[in-house]
Amino acid sequence: MFEGAAVVRLEDGSGRCAGRVEVKHQGQWGTVCGYSWDMTDAAVVCKQLGCGSALKAHMYADFGPGSGPIWMYKVGCRGTESALSDCTHNGWGQHNCNHGWDAGVTCSEFTGFRLVNGSTACEGRVEIHVLGTWGSLCASHWDLLDAHVLCRHLDCGFAESIPRGGPFGRGTGPVWRDSFHCDGTEAHLGQCPVTALGASPCSHENNAAVICSAGSASLRLVGGGSRCDGRVEIFQHGTWGRVLDDQWDMQEASVVCRQLQCGEAETAYNPPKPQRGTGPVGLRGVRCAGHEANLTLCNTSLPESVLAAGFAEDVGVVCWGSRQVRLVNGPGRCAGRVEIYYQGSRGTICDDSWDLPDATVVCHQLGCGGAVKAVGSAHFGEGSGQIWLDAVNCSGAEAALWDCPAGSWGQHDCGHKEDAGVDCSEFVTLRLENSDGCSGRLQVFYNGTWGSVCSNSMTLKTVSLACKELGCGDRGILETRLPYGRASGPAWLDRVECGERNSSFWQCPSAPWDPQSCDDLRDEAHITCTDHLHGDTGLTEEVAAVTEELSGQFVGKLSW
């Protein structure tokens, strides 16, 4: 930040990188009006604070109304400024606004990503810069979807492999135990859900790594629901351009899918008008035999007479690798209605013969541990659109749901009232065991049952984030008196040590999940959230219903 720039801070958020934007002018702190506030403005704030990239621009006092002057109004940043005060605005204190419009931002805690010790800038050990410190990433939950996001963010194409065993040497700094849960479409890792709570210790022998496609990735697919479907674009002469053709078919689509390592081609198509590109044309007219390794190895020098005879349009492909599974309409990432993305559209699964081995495959595929329960009868609400699979019959060992025996795609005798769902062991939530939901013994729901959280090493920051997670405000105290008797069941967690970098309770480091984390009644954490009257309290009806149903149905084996 250069001399003369106004100091900025974020207030009433979960940490120094999220909150209401406040700026200091003439020795006094004031707010910024959210009128016309957007992601470009938010990005400048995050950059000025060293808080990485902007995840969200808040316009309507999402972090509560401030007080004092409203210093800036109609902020207009270009994104290149070093400080918010460099951006255009209406003049200090000149506004037609009130504190109900106070602007806020949520920044990523991750301020940099790089690959080190590789032979090129597009392969190596994954290192992440977290609020001033570079460290290696633990490989325990690192997968290809996470790696694809990183490669794309680094302008390195897509991930070809994620080698294990430390091929790029040992790091020297900390090992971050964060687990990213990307679906592959995010612009950078900071946009992916992330957890660290309960993660096992990790050493430099288990560092995450990736080999990206780099220069060979001269193609990309845009506008689809994954990196493996969408409109085809080619990178030439420093820019991305559209691919146009008048006889686009499966031969050309097969080459594209193979080049992008997306499996076999399922569909070759011309996008409808709303999905067509508008930028420069990179390639016009191409004829492939279908066995080529690269689209540029096909015949791209068609005579003008051939090009003139046809009507060249944008082209698209759907590859086998575009298929995805997700859980929706549940109380968390690891519980919900099962939906599959197939041939460019999302659909559900019929619950005929749906059982625990089927649910196990889904949970493993999503990195959500094992299956606690397989549910049917639209337990998580009725879906819409296609019902893609019926009579699924997994053994439980398959790598993906579509590897299981099942009826043909789209063939079924079901309605959406039979949509299947799952509850996975890594569905987690919190509660405070008391009538008002905002004070009492702190408990966590994990692997299908409630258990205590131990108080060893617990800080006020940990208490604050627990209160926030419960909708009980963002302040609390750790009680020393113990008015409640010890409940039966496990004590799941100990040494939950939330720090400045953590914006969510689930991101905090802790000892690994263990049903015997503490034995002494005096070690159980009891907290009281001190400003819970300002928000909703306790478990939502949806979460309470799921946890009540699953409690006592502890199916999966514990693994530690």
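This structure is a prediction, so every number in the text was calculated from the model and none was measured.

Visitor: Can you walk me through the overall build of the protein chain in this structure?
Guide: Check the secondary structure of the protein chain and you find seven helices and 33 strands. The C-alpha radius of gyration of the protein chain comes to 26 Å, within 12% of the 24 Å expected for a compact globule of 560 residues. Looking at the protein chain as a whole, 51% of its 560 residues are labelled buried. Sequence separation of 24 or more characterises 70% of the internal contacts of the protein chain that already satisfy a separation of 6 or more. On the protein chain, roughly 24000 Å² of surface is accessible, and the fraction owed to carbon and sulfur atoms is 48%.

Visitor: Explain the state of the cysteines to me, please; I cannot follow it from the model alone.
Guide: Linking two cysteines covalently through their sulfur atoms gives a disulfide. The full count for this structure, using the stated rule, is 19 disulfides. Between the sulfur atoms of cysteine 350 and its disulfide partner cysteine 414 the distance amounts to 1.9 Å. Every disulfide takes its handedness from the sign of the S-S torsion; for cysteine 350 and cysteine 414 that torsion is -80°, giving left-handed. Residue cysteine 350 is found in the loop between β24 (345-349) and α5 (356-365), and its partner cysteine 414 is found in the loop between β26 (386-389) and β27 (421-424); the two are separated by 64 residues along the sequence. Cysteine 414 carries the same exposure label as cysteine 350, and that label is buried. Sulfur-sulfur distance for the disulfide between cysteine 394 and cysteine 404 comes to 2.1 Å.

Visitor: I would appreciate a short explanation of the side chain of threonine 360 in the present structure.
Guide: With respect to the secondary-structure elements, threonine 360 resides in helix α5. Residues within four places of threonine 360 in sequence aside, it is in contact with Ala371 and Gly396.

Visitor: Which parts of the structure should I look at to understand the nonpolar core?
Guide: Across soluble globular proteins, nonpolar side chains show a tendency to be buried alongside one another. Grouped together as the largest cluster of nonpolar side chains are 31 residues, with contacts concentrated most on Val338, Ile340, Ile349, Trp354, Leu401 and Val422. Where this core is concerned, the elements lending two or more residues are β22 (324-332), β23 (335-342), α5, β25 (371-375), β26 and β27. Excluding residues that lie within four positions of it along the chain, tryptophan 354 makes contacts with Val338, Ile349, Ala359, Val362, Ala374, Val375, Val392, Leu401, Ala420, Gly421 and Val422.

Visitor: Please explain the pattern of salt bridges as it appears in this structure.
Guide: Pairs may arise between side chains of opposite charge once their charged atoms sit close together. One pass over the full model with this rule turns up 19 salt bridges. Linking glutamate 233 and arginine 220 is a salt bridge whose minimum nitrogen-to-oxygen distance equals 2.8 Å. In this pair, glutamate 233 sits in strand β16 (residues 229-236) while arginine 220 sits in strand β15 (residues 219-223), placing the two residues 13 residues apart along the sequence. If you follow the salt bridges from partner to partner, you end up with Arg9, Glu11, Asp12, Arg20, Glu22 and Arg475 in one network.

Visitor: Whenever I open this one, the pairing of strand β6 (residues 104-107) confuses me. Can you help?
Guide: Looking down a regular strand, the side chains alternate between one sheet face and the other. The sheet contact formed by strand β2 (residues 18-25) and β6 spans three bridges and is antiparallel. Each residue of the ladder has a partner; that of glycine 19, found in β6, is valine 105. Pairing analysis gives four bridges linking strand β4 (residues 54-58) to β6, with the strands arranged antiparallel. Its bridge partner being in β6, alanine 57 is matched across the sheet by valine 105.

Visitor: So what exactly am I meant to see when it comes to the environment of histidine 526 here?
Guide: Tracing the backbone through its elements, the reader meets histidine 526 in strand β33 (residues 526-529). At 3.2 Å, the side chain of histidine 526 forms a polar contact with the backbone oxygen of glutamate 524.

Visitor: What should I look at first to understand unusual backbone geometry in this one?
Guide: For residues that are not glycine, phi is negative in most cases, and the peptide bond is trans in most cases. Of note in this structure, serine 457 is not a glycine but carries a positive phi near 70°. Following the sequence through the fold, serine 457 ends up in the loop between β30 (449-453) and α6 (460-469). In this structure, arginine 495 is a non-glycine residue whose phi angle is positive, near 55°. For arginine 495, the position within the fold is in the loop between β32 (491-493) and β33. Exposure remark for arginine 495: the relative accessible area of 42% places this residue in the partly exposed category.

Visitor: Is there a simple way to think about the packing of aromatic side chains in this case?
Guide: Each aromatic ring pair is specified by the distance between its two centres and by the angle formed by the two planes. Under the definition given, this model contains 16 aromatic pairs. Ring geometry for phenylalanine 110 and phenylalanine 113: centres 6.3 Å apart, planes at 40°, overall tilted. By relative accessible area, which is 4% here, phenylalanine 110 ends up buried. Both rings, one in tyrosine 342 and one in tryptophan 409, keep their centres 3.9 Å apart while their planes meet at 15°; by these two values the pair is stacked.

Visitor: Would you explain α6 in this entry?
Guide: Owing to its 3.6 residues per turn, the α-helix brings residues three or four apart onto one side. For α6, the set of buried residues is Thr462, Val463, Ser464, Leu465, Ala466 and Cys467. Phi for glycine 471, located one or two positions after α6, is positive at around 70°.

Visitor: What should I look at first to understand the confidence of the model for the protein chain in this one?
Guide: Close inspection of predicted coordinates is inappropriate in any region flagged by low pLDDT. Of the residues in the protein chain, 90% reach a pLDDT of 70 or more, and the chain-wide mean stands at 86. Between residues 533-538, whose pLDDT stays under 50, and residues either more than four places distant or in other chains, the model counts 14 contacts. For the stretch residues 552-560, pLDDT sits under 50, and the model shows 19 contacts to residues farther than four places along the chain or on other chains.

Visitor: Would you explain the side chain of glutamate 479 in this entry?
Guide: In this structure, glutamate 479 sits in the loop between β31 (476-478) and β32. With relative accessibility at 18%, the residue glutamate 479 sits in the buried group. Of the polar contacts made by the side chain of glutamate 479, one reaches the side chain of threonine 528; its length is 2.5 Å. Excluding its chain neighbours within four sequence positions, the residues that come into contact with glutamate 479 are His526, Ile527 and Thr528.

Visitor: Mind showing me how you'd approach the pairing of β33 here?
Guide: When strand β29 (residues 439-446) meets β33, the two strands line up antiparallel, connected through three bridges. In the sheet register, serine 439 faces β33, and the bridge partner there is threonine 528. In this sheet, β33 lies alongside β31 in antiparallel orientation, the contact comprising three bridges. Within the sheet, the bridge partner assigned to glycine 476 lies in β33 and is cysteine 529.

The rules behind these values
- Residues numbered from 1 in each chain as written.
- Predicted model: local features only at pLDDT ≥ 70, side-chain atom pairs only at ≥ 80, totals over all residues.
- Heavy atoms only, no water.
- Helix = DSSP H or I, 4+ residues; strand = E, 2+ residues; numbered from the N terminus.
- Rg over C-alpha atoms; globule rule 2.2 N^0.38 Å.
- Buried < 20%, exposed > 50% of the residue type's maximum accessible area, 1.4 Å probe, protein only.
- Contact = heavy atoms within 4.5 Å.
- Areas by Shrake-Rupley, 256 points an atom, 1.4 Å probe, with all protein chains shown as cover.
- Disulfide = S-S within 2.5 Å.
- Core = buried A, V, L, I, M, F, W, Y, C linked by side-chain atoms within 4.5 Å.
- Salt bridge = Lys/Arg side-chain N within 4 Å of Asp/Glu carboxyl O.
- Pairing = 2+ DSSP bridges.
- Polar contact = N/O pair within 3.5 Å; in protein donor to acceptor, adjacent residues only side chain to side chain.
- Phe/Tyr/Trp six-rings, centres within 6.5 Å; stacked < 30°, edge-to-face > 60°.
- pLDDT = per-residue confidence, 0-100.

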